[in-house]
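Close look at the chain arrangement
So the chains spell out like this:
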Amino acid sequence: MTYKVPTVLTIAGSDCSGGAGIQADLKTIAAHKLYGMSVICALTAQNTMKVASIQDASAEIVAQQMDCVFSDIYPDAVKIGMVSNSEIIETIAYKLAFHGPRNIVLDPVMISSTGSRLITEEAQQVLIDRLLPMADIVTPNIPEAEVFSGMAIRNRDDMVKAASIIAARISQVKREGGSYWGHVTILLKGGHLDDEASDLIYSYVDEEGVGKTVETTWVSMERIDNPNTHGTGCTLSSAIACNLALGAEEVDAIRKAKEYLTGAIGAGLYLGHGSGPLDHMYQYR
């Protein structure tokens, strides 16, 4: 007897402490009972307290990893996490365009939970110009959305305005590249706001002959008092990719991923001396 399961590819950096990056992604994919694959873009020496060093992979080995994956076990969804230099970003964008996967989730990782910068300013702009327009769902937190939108975000109204600016810029880049199809969904995570635990789902379509349409949805979950949140962004974006691979529509995929993340935080795992990791396998304990 043989069988197949949906497959998810994570393109990101490695976290030797196991709480974030590739390791968190693969744990999340396994928890959803799917088959996970990885393209490693960087090695990091880090733990729950700090990022000690980052060593980028070469663009050539990133390209070869992607070709090997896509030519054999084609992914049903792709999650992109930490990509720290412009050459790697260009390579990923080229290979995604060549292989043409669906269900691309981009977590624009810029700053680690311990406060370390994970991407150069030059690469940050290339990320905006090359990878954001290729994503189906982009999952910035408040600080990342402030960078992308160029405005301060202090409340729900600011979140909607920032999301509209980001979506319009993505659509503009697509049009400049010769495509008028401007669909993108932005999940703007509100966890950094003092009085909010709600996330904004901002779905934007700018299509020739149809015009612009916008749908906004707020997703609120219980705010859990747990300082151990290492790898939450990685985990959430991977869970979204898993649900897309399982056939869920975008809003439903995000809701289910949020429920999974809430459970992984609420399980109360306590490891390490800093902001500890989540319990990705909490459902099976």
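Note that the structure is a prediction, hence the values are computed from the model and not measured.

Attention shifts here to the overall build of the protein. When helices and strands are counted, the protein shows eight helices and nine strands. The C-alpha atoms of the protein give a radius of gyration of 18 Å, which matches the 19 Å a tight globule of 285 residues would have. Based on the C-alpha atoms only, the size of the protein along its principal axes is roughly 50 × 45 × 45 Å. Taking all 285 residues of the protein together, the buried fraction comes to 54%. Pairs at least 24 residues apart make up 68% of the contacts formed inside the protein by residues separated by at least 6 positions. Summing over all exposed atoms, the protein offers an accessible surface of approximately 12,900 Å²; the carbon and sulfur share of this is 50%. Across the protein, the centroid of the 22 positively charged side chains sits 2 Å from that of the 34 negatively charged ones.

Another aspect to go through is the pairing of strand β2 (residues 35-46). Two elements, strand β1 (residues 7-15) and β2, share nine bridges in a ladder whose sense is parallel. Along β2, the bridge assignment pairs Thr10 with Ser38. In this region the chain leaves β1, passes through helix α1 (residues 21-31) and returns to the parallel neighbour β2; the handedness of that crossover is right-handed. Sheet topology note: the β2/strand β3 (residues 51-56) ladder contains five bridges and is antiparallel. The residue bridging Ala42 from the neighbouring strand is Asp56, located in β3. Counted along the chain from β2 to the antiparallel partner β3, the turn is four residues long.

With respect to the secondary-structure elements, Asp25 resides in helix α1. A polar side-chain atom of Asp25 sits 3.0 Å from a polar atom in the side chain of Lys79. Apart from residues no more than four positions distant in its own chain, Asp25 is found in contact with Thr10, Ala12, Lys79, Cys234 and Ser238.

Right, let's get into helix α5 (residues 142-149). Among the residues making up α5, those that are buried are Ile142, Glu144, Ala145, Phe148 and Ser149. Around the axis of α5, the buried residues are gathered within 155° of arc, so they sit on the same side. On its buried face, α5 is in contact with α4 (121-131), α6 (156-176) and β7 (184-188). Gly150 occupies a position one or two residues after α5 and carries a positive phi of about 75°.

Before going further, it helps to examine the pattern of salt bridges. Taken as a whole, this structure holds seven salt bridges when the rule is applied. With a closest N to O distance of 3.8 Å, Lys189 and Asp107 form a salt bridge. With Lys189 in the loop between β7 and β8 (198-207) and Asp107 in the loop between β5 (104-106) and α4, this residue pair connects regions lying 82 residues apart in the sequence. Among the salt bridges present, the one from Asp279 reaches Arg285, with a minimum N-O distance of 2.8 Å. Residue classification places Asp279 among the buried residues on the basis of a relative accessible area of 7%. Residue classification places Arg285 among the exposed residues on the basis of a relative accessible area of 72%.

Rules used in this analysis
- Residues numbered from 1 in each chain as written.
- Predicted model: local features only at pLDDT ≥ 70, side-chain atom pairs only at ≥ 80, totals over all residues.
- Heavy atoms only, no water.
- Helix = DSSP H or I, 4+ residues; strand = E, 2+ residues; numbered from the N terminus.
- Rg over C-alpha atoms; globule rule 2.2 N^0.38 Å.
- Buried < 20%, exposed > 50% of the residue type's maximum accessible area, 1.4 Å probe, protein only.
- Contact = heavy atoms within 4.5 Å.
- Areas by Shrake-Rupley, 256 points an atom, 1.4 Å probe, with all protein chains shown as cover.
- Lys, Arg positive; Asp, Glu negative; His and termini not counted.
- Charge placed at Lys NZ, Arg CZ, Asp CG, Glu CD.
- Pairing = 2+ DSSP bridges.
- Right-handed = clockwise from strand over helix to strand, strands pointing away.
- Polar contact = N/O pair within 3.5 Å; in protein donor to acceptor, adjacent residues only side chain to side chain.
- Arc of directions from axis to C-beta.
- Salt bridge = Lys/Arg side-chain N within 4 Å of Asp/Glu carboxyl O.

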